[in-house]
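Residue strings, one per chain:
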Amino acid sequence: VQLQASGGGLVQPGGSLRLSCAASGRTFSTYTMGWFRQAPGKEREFVAAIRWSGGNTDYADSVKGRFTISRDNAKNTVYLQMNSLKPEDTAVYYCAADRWGWTRTPKEYDYWGQGTLVTVSS
């Protein structure tokens, strides 16, 4: 599976962005998909995850109520809609795929995209 994240950019506080992650591979629809982020000087942290069916989602407390993860298995794409962005959301955002589990732990994910930079600043 290869993952390609896109949609990052510069946005003012309070603004919105939608990230996309396009996946190759016929088994995409069976994987848990996650979004993670890494700010300069910090460890990579969990943001959100969605089960293969789309019926279960999980969010970090810091983004709950502001971010929404979704997926379109027909398009092999997972999305992260980010609203009410804050400067502390500034980071490189990565999408990842987990073949077997349902977890917030980065090392449990099997495939990673290259990352897309989100900068929230006035």
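Cut-offs and rules
Residues numbered from 1 in each chain as written. Predicted model: local features only at pLDDT ≥ 70, side-chain atom pairs only at ≥ 80, totals over all residues. Heavy atoms only, no water. Salt bridge = Lys/Arg side-chain N within 4 Å of Asp/Glu carboxyl O. Helix = DSSP H or I, 4+ residues; strand = E, 2+ residues; numbered from the N terminus. Buried < 20%, exposed > 50% of the residue type's maximum accessible area, 1.4 Å probe, protein only. Disulfide = S-S within 2.5 Å.

A.B. asks: Got a minute to help me understand the pattern of salt bridges in this structure?
C.D. replies: Any two side chains of opposite charge can pair if their charged atoms end up close together. Counted according to the given criterion, the structure contains six salt bridges. Salt-bridge contacts for Arg-37 lead to Asp-89; the nearest nitrogen and oxygen are separated by 2.9 Å. Within this pair, whereas Arg-37 is found in strand E4 (residues 32-38), its partner Asp-89 is found in the loop between strand E8 (77-82) and strand E9 (91-98), the two being separated by 52 residues in sequence. Assigned by exposure class, Arg-37 and Asp-89 land together as buried. Between Lys-64 and Asp-61 there is a salt bridge whose closest N-O contact spans 3.4 Å. On the basis of relative accessibility, which here comes to 64%, the residue Asp-61 falls in the exposed class. What emerges from the salt-bridge pattern is a single network uniting Arg-37, Glu-45, Arg-66 and Asp-89.

A.B. asks: What am I meant to see in the state of the cysteines here?
C.D. replies: Covalent bonding between the sulfur atoms of two cysteines is what defines a disulfide. In the structure shown here, the tally under the stated rule is one disulfide. Here Cys-21 is linked by a disulfide to Cys-95, with a sulfur-sulfur distance of 2.1 Å. Across the disulfide from Cys-21 to Cys-95, rotation about the S-S bond amounts to roughly 65 degrees, and the bridge is consequently right-handed. Separated by 74 residues along the polypeptide, Cys-21 in strand E3 (residues 17-23) and Cys-95 in strand E9 bring together distant segments of the chain.

Nothing here speaks to function; it is geometry throughout.
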